[in-house]
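Each chain is listed here by its residues.
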Amino acid sequence: MTSGGPGTPPEPSHRYTAALAGRIEQAWQDRWEEEGTFHTPNPSGSLTDGDGQHADPSAPSFFVMDMFPYPSGAGLHVGHPLGYIATDVVGRYRRMRGENVLHALGYDAFGLPAEQYAVQTGQHPRKTTEENIATMRRQLRRLGLAHDPRRSFATTDPEYVRWTQWIFLQIFDAWYDAEAVRPDGGRGRARPVAELVAEYEAGTRALPEAWAGETWDVLDAVERRRVVDGQRLAYVSETPVNWCPGLGTVLANEEVTAEGRSERGNFPVFKRNLRQWNMRITAYADRLADDLDVIDWPEKVRTMQRNWIGRSEGAMVTFDVIGGEEVEVFTTRPDTLFGATFMVVAPEHPLLDEVPTHWPDGTHAVWTGGHKTPTAAVAAYRASTAAKTAVERQADAGKKTGVFTGHVAINPVNGDMIPIFTADYVLWGYGTGAIMAVPGGDERDFEFAQAFELPVIHTVQPPADHPGGAYTGDGVVVNSRNEEIVLDGMDVATAKATITAWLEGRGVGKGTVTYRLRDWLFSRQRYWGEPFPIVYDEHDLPIALPAEALPVDLPDVPDYSPRTFDADDVHSMPEPPLGRNEDWVNVTLDLGDGPRTYRRDTNTMPNWAGSCWYYLNYLDPGMRDVVVDPELERYWLGPEHNAAAGTSGGVDLYVGGVEHAVLHLLYARFWHKVLYDLGHVTSVEPFRRLFNQGYIQAHAYTDARGAYVQAAEVVEDAASPTGFTWQGQPVTQEYGKIGKSLKNAVTPDEMYEAYGADTFRVYEMSMGPLDLSRPWETRAVVGSQRFLQRLWRNVVDEETGEVTVTDDAPGTETLRVLHRTIDEVTTEMEAMRFNTAIARLIVLNNHLTSLDRVPRAAAEALVLMTAPLAPHVAEELWSRLGHPASLIREPFPVADPAYLVVDSVTCVVQVQGKVRDKLEVSPDATEDALRELALASPRVQRALDGRAVRTVIVRPPRLVNVVPA
RNA sequence: GCCCCCGUAGCCCAAUCGGCAGAGGCAGCCGGCUUAAACCCGGUCCAGUGCAGGUUCGAUCCCUGCCGGGGGCACCA
């Protein structure tokens, strides 16, 4: 406990040092655990508080949550706990405000990081995952987080997997009825497939378009299954998917970067036609976009989700092609139809499977690409675009290439013959993969028209100063009339509505909404994930396993590492590791018609599956009969479950990094809405309030060769041209992510050792606003330690360990500082501005330091206010101040308004906005009195220097501004 | 290329409605304690708010343009 060598005078034996802090912290952590201090009571059921009581009905519920951590093998650095500390402070504060707080932390333990770590260490992923979780639990326990330990779990727990698979089967067993009315009044909701079948059997619903001409009663059993399977919210289909040989698995669109590489690992991704599981998230596109308006999320994240969904309103228009074909296009600008001078289809478009054998009359030389026939030209262009990698496509964006297809279409509004081109600036994956090109109204079309000598017609009058080219703005419509309709003179919006109605009347078009969002590719060819609870029969159609058969456990396989390939191997095929166990794959089951042999699905679910519903599992983890107890769901998550929950309901505060803005948060919202439609939850949204914390980064240093050196060993050195040296040589300061690669890692364990957990917590919270990224600076941590040391000294004698507070009433000045602090700290805590809350606490603390004896009333209030931030030292001081029970539910101090009023305030007197005098005035001085006082001031008179007064602006009681003539 | 966020003291950051630019911390400097040093204690220095305009009695705050940093989107018809 003492520091220094022999002969050094010992430190005061009761000083709040790192060693003492460590002893206090661990003792309280043990006591909290023994007493069940953080056991959060449910309103009913087996989970009660530490005293065996259920939730107090008069206490509002508050559900605070952190984004699910991966238990990575690398361990934590000081950046990781930032959000956990913040949610802990919120949770502890809210408990002291009398709320019933639910806060727990589980582990997202399936997925690539866990699997890769297992592969590296040559052990089974379950073993390494469990070890990693144990390490992380230990590191986090030392932080003193007030989590309910009974509610922690991992996504890999068999009981959790059971319900993940169960929810999958709910989605598999559901279809989307776009016409059904929801409880909230909107249209469109998921319904059980059984209801669809019942309607088909009763003949009250027509079969889907693909089965036109058939009726349910004439279909055989396999055909009926195909009809239904095609409509399930989870379905198998053979579609172009993102195949990533480097990872050995297929990926969702959301996991592929704009550069066409995997978000994890940055490997090339190729489009391949493969049979894979998909989730029909597109059915929820509108609701996912619309409901962003009813939740309290950062605008940035809502914008990112809206952009990803990419809702776009316009019209489908059908163009006849000479020779009998037709092409449907999607356009957001049907008003510009009269300006369509050509069409473009994507190279993958089926219209190109057959093209004319000769160039039609009027074909420009530049249109042919030098080929003798359209057949040759199109084949060559298709081949060249297919060979392009995503990276090349990216690099070529903007360059307009293409070729005339020989096809000619007829513009439905005026009968004009217009050539059809193919070009890769039209994407097969969006809309219909075909466009009408309006070079007068679209910049891309204009560029293409320039390159291929195509005519330009403006249908909106450009302003006089328009530089030429496409005009995309609003204005007066021109050049747009036929025998039946005149758009000329209208504005764009009116013209859109008018022409859409006309198209619909003629049966050649229809107002439509399209989305950028694609269905969610849901299968992965990895080992460490949830197996699909699906088997296939001899027809190769999926069959759900019954709920009693869940969970489907992962089989043992000879090799669980994924088969990866050369990252650029386009011809490789995914090979699921689960397929390596024949005994598991081929299974005999009795699914109602006697024992038969089935083949299991060998894919696993993506990592996102487990994080799609984990918030529900916190309510009542472990064995249970339902996915979530309806009473608990209403209590913790339901609409209006507390004053801030609103009509959406959901988790009251969800804190995590912005990197999940689209992926996890979109998927989880989708699953939640399916569960809502099927009646399993009453909340419309899973996360009512989202908060993105910033990142903690750190300085890193490179030597002359550009190699990173140990940041911890770098010293400031004015003699170095760079300002820093490492082992005597100059090094350059950089800034970046904390980690091994930049040699700048600092771990929480080092902080516990050198300062204690409370100091670490206070430092992390005091560095700046929670949503801002900031640099870690170990040498600044001492400031937080000094604060706690001073707090300690205000209560405890460092030499004797005696409590030194006096029971005498505090003086007026102390009461004022105290109550002003309570008032300000309350405001700051409510707004999650912990950095400024800490600043106020320091002010009060420093004030108490200046007194001869610290009054108990002030000390106790300060200890209670510090408790959410530095809980261990607060508990210790509270205990030493004579309170045997934990302060966890002690009421947070409340300011007495009597001490918030002041006798006098400083009134600033300005002349023309410049401060010329200051007056001490009563806080309720009137406007007239202040004006008189100000004008009487000699300094004001001097500043006026004889000028007349034009006007006097008075803002009682703090400001008077005299404006000279 | 387009969109969003951020630029305040050597550093991290404060500043309700547009009203005295400074709450807190780090570092520095001075002093106290100490045989000396660290710890600790007291004191102190430090910016006119990235730049240029505009609106206003008054601008860190509102508007326009530019510079720097961070993020998102990127042929989406």
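Residues numbered from 1 in each chain as written. Chains lettered and ligands numbered in written order. Predicted model: local features only at pLDDT ≥ 70, side-chain atom pairs only at ≥ 80, totals over all residues. Heavy atoms only, no water.

Caption draft 1: Quick peek at the overall build of chain A. Of the regular secondary structure elements, chain A holds 27 helices and 31 strands. Across its three principal directions, the C-alpha atoms of chain A cover 100 × 95 × 65 Å. Within chain A, buried positions represent 54% of all 965 residues. Contacts in chain A between residues far apart in sequence, at least 24 positions, make up 69% of those at least 6 positions apart. Total accessible area computed for chain A in this model is approximately 41,800 Å², and 51% of it derives from carbon and sulfur atoms. For chain A, the distance from the average position of its 91 positive side-chain charges to the average position of its 134 negative side-chain charges is 4 Å. (Helix = DSSP H or I, 4+ residues; strand = E, 2+ residues; numbered from the N terminus. Buried < 20%, exposed > 50% of the residue type's maximum accessible area, 1.4 Å probe, protein only. Contact = heavy atoms within 4.5 Å. Areas by Shrake-Rupley, 256 points an atom, 1.4 Å probe, with all protein chains shown as cover. Lys, Arg positive; Asp, Glu negative; His and termini not counted. Charge placed at Lys NZ, Arg CZ, Asp CG, Glu CD.)

Caption draft 2: Examining the domain arrangement of chain A more closely. Taken domain by domain, chain A comprises domain 1 (18-163 + 609-661 + 682-692), domain 2 (312-514), domain 3 (696-745) and domain 4 (905-964). For domain 2 and domain 4, the distance between their C-alpha centres works out to 69 Å. (Domains from an automatic or database assignment.)

Caption draft 3: The arrangement of the nonpolar core in detail. If you look at the biggest cluster of nonpolar residues, it comprises 95 residues, and the most contacted ones within it are F63, F168, W520, F522 and W671. Counting residues per element, this core draws most heavily on helix α18 (residues 663-677), which supplies 10 residues. The next biggest cluster of nonpolar side chains, apart from the first, holds 88 residues, and it includes A86, A146, Y755 and L770. (Core = buried A, V, L, I, M, F, W, Y, C linked by side-chain atoms within 4.5 Å.)

Caption draft 4: Quick look at the packing of helix α21 (residues 781-795) against helix α25 (residues 871-880). As a packed pair, α21 and α25 sit with axes 11 Å apart at the nearest point and diverge in direction by 5°. Comparing their axes, α25 and α21 come out roughly parallel. For the pair α21 and α25, contact is made by L788, L791, W792 and V795 and by V873, E876, L877 and R880, respectively. Looking at side-chain class alone, the contact of α21 with α25 contains 6 nonpolar, no polar and 2 charged residues. (Axes fitted to C-alpha atoms, helices over the stretch in contact; angles between N-to-C directions. Parallel < 35°, antiparallel > 145°, perpendicular 65-115°, else oblique. Nonpolar A, V, L, I, M, F, W, Y, C, P; charged D, E, K, R; others polar.)

Caption draft 5: Structural detail: the sheet that holds strand β2 (residues 100-102). One open sheet holds the 4 strands; their spatial order is β2-β1-β20-β21, and the pairing between them is parallel. Every interior strand has two partners, whereas the edge strands, β2 and β21 (690-692), have only one. If you compare each strand with its neighbour and ignore which way they point, the axes differ by 20° on average. Strand contacts of helix α2 (residues 81-96): β1 (61-66), β2 and β20 (653-656), with the helix running at about 170° to β1, the strand carrying the most contacts. (Pairing = 2+ DSSP bridges.)

Caption draft 6: Seen up close, the protein's contact with RNA strand B. Neighbouring RNA strand B are 51 residues; T332, R444, P769, R786 and N961 lie closest to it. Across the atoms of RNA strand B situated within 4 Å of the protein, the share located in sugar and phosphate is 63%. In the model, a sugar or linking oxygen of RNA strand B is placed 2.9 Å from a nitrogen or oxygen of the Y425 main chain. K918 has a polar side-chain atom sitting 2.4 Å from a base oxygen of RNA strand B. Per element, the largest residue contribution to the surface near RNA strand B is 6 residues, and it comes from helix α23 (residues 834-849). Among the residues making up the surface near RNA strand B, the classes are represented as 21 nonpolar, 14 polar and 16 charged. (Near = heavy atom within 4 Å. Polar contact = N/O pair within 3.5 Å; in protein donor to acceptor, adjacent residues only side chain to side chain.)

Caption draft 7: Local environment of the pattern of salt bridges. By the definition in use, this model includes 58 salt bridges. A salt bridge links R856 to D807, with the nearest nitrogen and oxygen atoms 2.7 Å apart. Placement of the pair is R856 in helix α24 (residues 856-866) and D807 in the loop between α21 and α22 (812-830), with a sequence separation of 49 residues. The class for D807 is exposed, based on a relative accessible area of 62%. E828 is the partner of R833 in a salt bridge, and the nearest nitrogen-oxygen pair spans 3.2 Å. Here the residues in one salt-bridge network are D177, R191, E195, E199 and R205, joined through shared partners. (Salt bridge = Lys/Arg side-chain N within 4 Å of Asp/Glu carboxyl O.)

Caption draft 8: Up close: the pairing of strand β9 (residues 326-331). Bridge count between strand β8 (residues 312-321) and β9: 6 bridges; the pairing is antiparallel. Paired with M316 across the bridge in β9 is F330. The hairpin formed by β8 and β9 contains 4 residues between the paired strands, and G323 there has a positive phi angle of roughly 110°.

Caption draft 9: View of the packing of aromatic side chains. Overall, the coordinates contain 46 aromatic pairs when judged by the stated rule. Ring centres 5.1 Å apart and planes at 70° place the aromatic pair W367 and F404 in the edge-to-face group. In this pair, W367 is assigned in the loop between β10 (342-345) and α10 (374-387) and F404 in strand β11 (residues 403-410), connecting sequence segments 37 residues apart. For the pair shown, W367 and F404 are each scored as buried. Ring plane angle 70° and centroid distance 5.8 Å describe the contact between Y614 and Y618, whose orientation is recorded as edge-to-face. The exposure class assigned to Y614 is buried, which follows from its relative accessible area of 0%. On the basis of relative accessible area, Y618 is assigned to the buried category, the value being 0%. If you follow R232 out to its NZ or CZ, it ends over the ring of F172, 4.0 Å from the centre. (Phe/Tyr/Trp six-rings, centres within 6.5 Å; stacked < 30°, edge-to-face > 60°. Lys NZ or Arg CZ within 6 Å of the ring centre and 35° of its normal.)

Caption draft 10: Main features of the pairing of strand β12 (residues 417-422). Among the 6 residues in β12, 5 count as buried, and that is most of the element. Note: β10 against β12, 3 bridges, orientation parallel. In the sheet register, V344 faces β12, and the bridge partner there is F421. With antiparallel pairing between neighbouring strands as the criterion, β11 and β12 make up a hairpin whose turn holds 6 residues, including G415 at a positive phi of roughly 75°.

Caption draft 11: Up close: the confidence of the model for chain A. In this model, chain A carries a mean pLDDT of 90, and residues with pLDDT of at least 70 account for 98%. Taken together, the stretch residues 1-9 has pLDDT below 50 and engages in 11 contacts with residues farther than four places along the chain or on a different chain. (pLDDT = per-residue confidence, 0-100.)

Caption draft 12: Quick look at the environment of N794. Along the polypeptide, N794 turns up in helix α21. The class for N794 is buried, based on a relative accessible area of 7%. Separated by 60 residues in sequence, N794 and V854 place their C-alpha atoms 6.4 Å apart. Excluding its chain neighbours within four sequence positions, the residues that come into contact with N794 are T804, V805, N845, L848, T849 and V854.

Caption draft 13: Summary view of unusual backbone geometry. The linkage connecting L550 with the following residue, P551, adopts the cis geometry, with an omega of -5°. If you trace the backbone, P551 turns up in the loop between β17 (542-544) and α14 (582-585). In this structure, E453 is a non-glycine residue whose phi angle is positive, near 55°. Judged by its relative accessible area of 46%, E453 falls in the partly exposed class.

Caption draft 14: Here's a closer look at a negative patch on the surface. A contiguous patch of negative charge, built from D320, E325, E326, E328 and E354, is present on the exposed surface. Its location among the elements puts E326 in strand β9. (Patch = residues over 30% accessible without salt bridge, like charges linked within 9 Å, V, L, I, M, F, W, Y side chains within 5 Å.)

Caption draft 15: How the structure looks around the sheet that holds strand β28 (residues 905-911). Spatial strand order, β29-β28-β31-β30: 4 strands in an open sheet with mixed pairing. The open sheet has two edge strands, β29 (914-921) and β30 (949-955), and neither has a second partner. Looking at each pair of strands side by side, their axes are set apart by 15° on average, direction ignored. Note that β30 and strand β31 (residues 959-964) share 6 bridges and pair antiparallel.

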